[in-house]
Amino acid sequence: MTTGPQVAGARVLTRGGGVALWRQIAGTLEEEIRSGARSPGERLPTEAELSQRFAVNRHTLRRAMEEMESKGLVRIEQGRGSFVAEDVVDYPLGPRTRFSESIRRLNREPGGKILDIAEVPAEPQVAEALRIRPGRMVLRVERLSSADGRAVVLGTHYFPLPRFAAMARRLMEDSSITFALAACGVADYRRLSTRISARLPTPEEAETLGMARARPVILTEAINVDGEGVPIDASWGRYPAHRVQLVVES
């Protein structure tokens, strides 16, 4: 039975016209996103607000949102809401991977903050990467890096002690690891190896990266060496897969 058109914002939904309501809702929201009326990263109205706007039940609205998510137009985060999908950052991994330089080459503004610094005994995996004996003290640095204010990588770095004992103080002044290494006598360094995998984030990682636990993170295990080929940094990075695409450069 046709009940006639129903106004939903600036768009009319037609009941009984042969096009499912959820498709009409998805089309309306997609038009708003593609026209620029809604910006990347913008939080969409709540489910209740959208249901009221379109005068439909939540099941119909959820079907529309699932369609939008499948097309990569929105991201839905459990407990946080729905957001307009952001552009994916193509982050290069090469012999001289430098976060700030790489992000600036993409015409984006790099950012970073140190979350934690501690001296800890090297676990076997860290010791092997740094070519030191297990249990030897290393400096562990947790750093959150961003592009245009959006978190793109949560990194855990390990530096051998006592060689990099001064890094803690340097990083408190400036969060750039490249600058801190330079202050410790390493003017240049290169990437020896990078191993890439993926998994779902832990609750803590998801919260720090501002992402849903149902979305995967890309994992990198990397080793950087100085000019003599000595390992100086073993790091584990977690990248939100819906925001970052890793590009391996030779």
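See above for the structure.
### Section: the overall build of the protein
Consideration 1: Counting its secondary structure elements, the protein contains eight helices and 12 strands.
Consideration 2: Each principal axis of the C-alpha atoms in the protein carries an extent, and together these give about 80 × 35 × 30 Å.
Consideration 3: Scored against the burial criterion, the 250 residues of the protein give a buried share of 46%.
Consideration 4: At a minimum sequence separation of 6, the contacts of the protein that also span at least 24 residues come to 58%.
Consideration 5: Carbon together with sulfur atoms contributes 49% to the accessible area of the protein, which is approximately 13200 Å² in total.

### Brief notes about the sheet that holds strand E9 (residues 190-199)
Consideration 1: Spatially, six strands are ordered E6-E7-E8-E11-E10-E9 in an open sheet, and the strand pairing comes out antiparallel. The open sheet has two edge strands with one neighbour each: strand E6 (110-121) and E9. Along the sheet, successive strands turn relative to each other by an average axial angle of 15°, direction set aside.
Consideration 2: Where strand E10 (residues 217-225) and strand E11 (residues 231-240) come together, nine bridges link them in antiparallel fashion. Residue pairing in the sheet places Val-217 in a bridge with Pro-240 of E11.

### A short note on the environment of Pro-110
Consideration 1: One can find Pro-110 in strand E6.
Consideration 2: Along the sequence, Pro-110 and Asp-148 sit 38 residues apart, while their C-alpha atoms lie 6.4 Å from each other.
Consideration 3: Discounting residues that sit within four places of it in the chain, Pro-110 has contacts with Phe-99, Ser-100, Ile-103, Arg-104 and Ser-146.

### Some remarks on the layout of surface pockets
Consideration 1: Taken as a whole, the largest pocket holds about 610 Å³ of empty space.
Consideration 2: Around the largest pocket, the lining comprises 33 residues; the ones closest to its centre are Tyr-91, Arg-98, Phe-99, Arg-143 and Ile-177.
Consideration 3: Sorting the residues of the lining of the largest pocket by element identifies strand E5 (89-93), helix H4 (99-105), E6, strand E7 (137-147), strand E8 (150-160), helix H7 (177-183), E10 and E11 as the ones contributing at least two each.
Consideration 4: For the lining of the largest pocket, the element with the most residues is E11, which contributes five residues.
Consideration 5: Taken together, the residues that form the lining of the largest pocket break down as 12 nonpolar, 14 polar and seven charged.

### As for the side chain of Arg-98
Consideration 1: Looking at the element boundaries, Arg-98 is found in the loop between E5 and H4.
Consideration 2: Every residue in contact with Arg-98, bar those within four places of it in the chain, is listed here: Tyr-91, Thr-178, Asp-188 and Tyr-189.

### A word on helix H3 (residues 58-70)
Consideration 1: Along its 13 residues, H3 runs 18 Å from first to last C-alpha, staying within 8% of the 18 Å computed at 1.5 Å per residue.
Consideration 2: Burial in H3 covers these residues: Thr-60, Leu-61, Ala-64, Met-65 and Met-68. Mapping the buried residues of H3 onto a view down its axis gives an arc of 135°, with all of them on the same face. Seen from the open side of H3, the exposed residues pointing more than 90 degrees away from its buried face are His-59 and Ser-70.
Consideration 3: Contact partners of the buried residues in H3: helix H1 (21-34), helix H2 (47-54), strand E3 (74-77) and strand E4 (81-84).

### Some remarks on the nonpolar core
Consideration 1: By size, the foremost hydrophobic cluster in this structure holds 18 residues, and its most contacted members are Ile-25, Leu-29, Phe-54, Met-65, Met-68 and Val-74.
Consideration 2: For this core, the elements supplying multiple residues, two or more each, are H1, H2 and H3.
Consideration 3: It is H1 that contributes the most residues to this core, six residues altogether.
Consideration 4: In terms of nonpolar packing, the next biggest core, distinct from the first, is built from 14 residues, Leu-139, Phe-159, Met-167 and Leu-181 among them.

Calculation rules
Residues numbered from 1 in each chain as written. Predicted model: local features only at pLDDT ≥ 70, side-chain atom pairs only at ≥ 80, totals over all residues. Heavy atoms only, no water. Helix = DSSP H or I, 4+ residues; strand = E, 2+ residues; numbered from the N terminus. Buried < 20%, exposed > 50% of the residue type's maximum accessible area, 1.4 Å probe, protein only. Contact = heavy atoms within 4.5 Å. Areas by Shrake-Rupley, 256 points an atom, 1.4 Å probe, with all protein chains shown as cover. Pairing = 2+ DSSP bridges. Axes fitted to C-alpha atoms, helices over the stretch in contact; angles between N-to-C directions. 1 Å grid on protein atoms, 1.4 Å probe; cavity = no way out; pocket = protein on both sides within 12 Å on 5 of 7 lines; lining within 4 Å. Points joined across faces, edges and corners; volume = space filled by probe spheres on them. Nonpolar A, V, L, I, M, F, W, Y, C, P; charged D, E, K, R; others polar. Expected span 1.5 Å × (residues − 1). Arc of directions from axis to C-beta. Core = buried A, V, L, I, M, F, W, Y, C linked by side-chain atoms within 4.5 Å.

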